[in-house]
Amino acid sequence: MSDQGGAGDPLSDSQKKEIAVWFLSNAPAGEIHYVAKDVRALLGDDAVYEAAAEEAFPEYNKAHLVSLELPDRSGDIVITTYGELDKNNYLDPRTAQVATVDHIKQTCTKLRPAADEELPSAYIEEFRSALDVELSKYVAEAYPKGVCAVYCTGGKDIEGPGADFGFAVVISATKRSPQNFCNGSWRSIWTMEFNYELQFVDIKGKIQVDAHYFEEGNVQLDTNIDCKDSTIMQSPDDSAVSIASIIRHHESEYLSSLEESYLNLSDATFKDLRRKLPVTRTLFPWHNTLAFSLTRDLAKELALGK
């Protein structure tokens, strides 16, 4: 990273840090350490790099719902704002433990039991744990390397029926295959508000899919969709089954729509990306591409070699 800002004044350390943070924060799924290595080399200044990494890595980990193995190997914890107690400590609601996280190394360094005030009441936990069980079944079926967690976002101190409360569900799945030049992730966040008076559950979700292919090129997919639904409030077990079914339905529909888009990708999208007239100043005959020989007919059609 040059000290010269083009023809202007040299970049300050603050400006260098800001640029470094941008590159780190926008690294494709699962590739921040590769980007970090190059950023550090380009900066040539460990102090500026470390300041940038200290700012970028926590936000990246939360944005990408990075999952880390717990030190006692009792499961994985998802790094998300819903479980954030402070910058380095995150609640795992399933095991009722708090993990201390090294964001830059992306590891859990310590583990302790969660305090009573960090956990929901027994009444709320009954709803939360029932939903966690149902979602864990779904995620195990749908995502080979997926993890999920259910957090109480409101009303965690309610001791019995009569008041509203809320949950947030996070689902994170990654596919990392850098040796094959591809990485990808699936992230979904679902929030649900339980209205006791109306006996109603309002459900909102956002699904985000990222993919990066970089063999002899650089192609990235970044797509997302918002969802809304609702169900009636029932017993903890029945509510859990209903909510999990709704999440399964919306995620399956979105996956099907993506697969359908891929089927049309070569026929439509890539054609639209090409320039209308190639260097020959002749329109490419897309309607007849299957009829061409790569050696003779195609060269003749495009007037190559003339």
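Quick notes on the rules
- Numbering of residues starts from 1 in every chain and runs along the sequence as written.
- Per-residue local features of the predicted model are confined to residues with pLDDT of at least 70, and side-chain atom pairs are confined, for both listing and counting, to 80 or more; whole-chain, interface and lining totals are unaffected and use all residues.
- Side-chain metrics rest on all non-hydrogen atoms present in the structure, leaving aside hydrogens and water.
- UniProt positions are given in the numbering used here, feature names are shortened, and annotations may be inferred rather than shown by experiment.
- Secondary structure follows DSSP: runs of H or I at least 4 residues long count as helices, runs of E at least 2 residues long count as strands, and numbering of each begins at the N terminus.
- Throughout, exposure labels follow a simple rule: accessible area from a 1.4 Å probe, protein chains only, divided by the maximum for the residue type, with under 20% read as buried, over 50% as exposed, and the rest as partly exposed.
- Throughout, a contact is declared for two residues whenever any of their heavy atoms are within 4.5 Å.
- Surface exposure here means Shrake-Rupley accessible area, sampled with a 1.4 Å probe, where a residue is shielded only by the protein chains that are shown.
- A pair of strands counts as paired when DSSP detects no fewer than two bridges linking them.
- Fitted lines through C-alpha atoms serve as axes, helices being fitted only where they are in contact, and the angles separating the N-to-C directions of these axes extend from 0 to 180 degrees.
- Distance and chemistry together define a polar contact, namely a pair of N or O atoms within 3.5 Å, with one atom able to donate a hydrogen and the other to accept it when in protein, and with adjacent residues in sequence counting only for side-chain atoms on both sides.
- When the centres of two rings from Phe, Tyr and Trp lie within 6.5 Å, Trp using its six-membered ring, the rings pair. Their planes under 30 degrees apart give stacked, over 60 give edge-to-face, and anything left gives tilted.
- Residue types Ala, Val, Leu, Ile, Met, Phe, Trp, Tyr and Cys, when buried and joined through side-chain atoms within 4.5 Å, form a set referred to as a nonpolar core.
- One speaks of a salt bridge when a side-chain nitrogen belonging to Lys or Arg is within 4 Å of a carboxyl oxygen belonging to Asp or Glu.

- In the annotation of an unreviewed UniProt entry, the entry for the protein chain reads F-actin-capping protein subunit alpha, and the organism field reads Urochloa decumbens.
- Regarding the protein chain, the UniProt comment filed under Subunit (unreviewed entry) reads as follows: "Heterodimer of an alpha and a beta subunit."
- The UniProt entry for the protein chain carries this comment under Function (unreviewed entry): "F-actin-capping proteins bind in a Ca(2+)-independent manner to the fast growing ends of actin filaments (barbed end) thereby blocking the exchange of subunits at these ends. Unlike other capping proteins (such as gelsolin and severin), these proteins do not sever actin filaments."

## Focus on the overall build of the protein chain
Alright, step 1. Helix and strand counts for the protein chain stand at 7 helices and 11 strands.
Alright, step 2. Scored against the burial criterion, the 306 residues of the protein chain give a buried share of 38%.
Alright, step 3. Here the contacts in the protein chain between residues at least 6 apart in sequence split such that 52% fall between residues at least 24 apart.
Alright, step 4. Element-wise, carbon and sulfur atoms account for 52% of the exposed surface of the protein chain, whose accessible area totals about 17,600 Å².

## Some remarks on the sheet that holds strand β6 (residues 107–113)
Where strands meet in a sheet, backbone hydrogen bonds hold them as pairs that are either parallel or antiparallel.
Alright, step 1. Across the sheet, which stays open at both edges, the 4 strands sit in the order β3-β4-β5-β6 with antiparallel pairing between neighbours. Only two strands of the sheet have a single neighbouring strand rather than two, namely β3 (84–86) and β6. For this sheet, the mean inter-axis angle between neighbouring strands, taken without regard to orientation, is 30°.
Alright, step 2. Here 4 bridges tie strand β4 (residues 89–92) to strand β5 (residues 97–102), and the two strands are oriented antiparallel to one another. Note on β5: the bridge partner recorded for D92 is Q97.

## Structural notes on the sheet that holds strand β8 (residues 165–177)
Alright, step 1. Spatially, 5 strands are ordered β7-β8-β9-β10-β11 in an open sheet, and the strand pairing comes out antiparallel. Looking at which strands have only one partner, the edges of the open sheet turn out to be β7 (146–154) and β11 (219–232). In this sheet, adjacent strand axes meet at a mean angle of 10° when their direction is disregarded.
Alright, step 2. In the sheet, strand β9 (residues 182–195) pairs with strand β10 (residues 200–213) via 14 bridges, with the strands oriented antiparallel. Across the sheet, the residue bridging to W186 is V209, located in β10.
Alright, step 3. The sheet contacts of helix α5 (residues 236–263) involve β8, β9, β10 and β11, and relative to β11 the element is tilted by about 150°.

## What about the side chain of D132?
Alright, step 1. Within the element layout of this structure, D132 appears in helix α4 (residues 122–142).
Alright, step 2. Side chain to side chain, D132 and R94 meet in a polar contact 2.8 Å long.
Alright, step 3. Not counting chain neighbours up to four residues away, the residues in contact with D132 comprise R94, C148, A149 and V150.

## Description of the packing of aromatic side chains
Alright, step 1. Evaluated as defined, the whole model comprises 13 aromatic pairs.
Alright, step 2. Between F127 and F165, the aromatic rings sit 5.2 Å apart at their centres with planes inclined by 55°, giving tilted as the arrangement. Taken as a pair, F127 in helix α4 and F165 in strand β8 lie far apart in primary sequence, 38 residues in all.
Alright, step 3. F165 sits in the buried class, given a relative accessible area of 2%.
Alright, step 4. Seen from their ring centres, Y138 and Y143 are 5.9 Å apart, and the 75° between their planes marks the pair as edge-to-face. Residue Y138 shares its accessibility class with Y143, and that shared class is buried.
Alright, step 5. Each member of the aromatic cluster is reached from another via a ring pair, and the members are Y123, F127, F165, F167 and F194.

## Quick notes on the nonpolar core
Alright, step 1. Grouped together as the largest cluster of nonpolar side chains are 35 residues, with contacts concentrated most on L131, L135, F165, F167, V169, M192 and F194.
Alright, step 2. Among the elements of the structure, α4, β7, β8, β9, β10 and α5 are those that each provide at least two residues to this core.
Alright, step 3. With 8 residues, the top contributor of residues to this core is α4.
Alright, step 4. Once you skip the residues sitting within four places of it in the chain, M192 turns out to touch L131, F165, G166, F167, V169, V201, D202, I203 and I243.
Alright, step 5. Grouped together as the second largest cluster of nonpolar side chains are 16 residues, L24, I32, V35 and A56 included.

## A closer look at the pattern of salt bridges
Alright, step 1. By the definition in use, this model includes 13 salt bridges.
Alright, step 2. Here E55 ties to K17 by a salt bridge, and the two come within 3.2 Å at their closest N and O atoms. Linking E55 in helix α3 (residues 46–63) with K17 in helix α1 (residues 13–25), this pair joins segments that are 38 residues apart in sequence.
Alright, step 3. A relative accessible area of 42% means that E55 is categorised as partly exposed.
Alright, step 4. Residues E84 and K62 are paired through a salt bridge, measuring 3.2 Å at the closest nitrogen-oxygen approach. Here E84, found in strand β3, pairs with K62, found in helix α3; they are 22 residues apart in sequence, far enough to count as distant.
Alright, step 5. Each member of the salt-bridge network shares a partner with another, and the members are R40, D46 and E50.

## Points about the environment of V241
Alright, step 1. Of note, V241 is situated in helix α5.
Alright, step 2. Through-space distance from the C-alpha of V241 to that of E134 is 6.3 Å; in sequence the pair is 107 residues apart.

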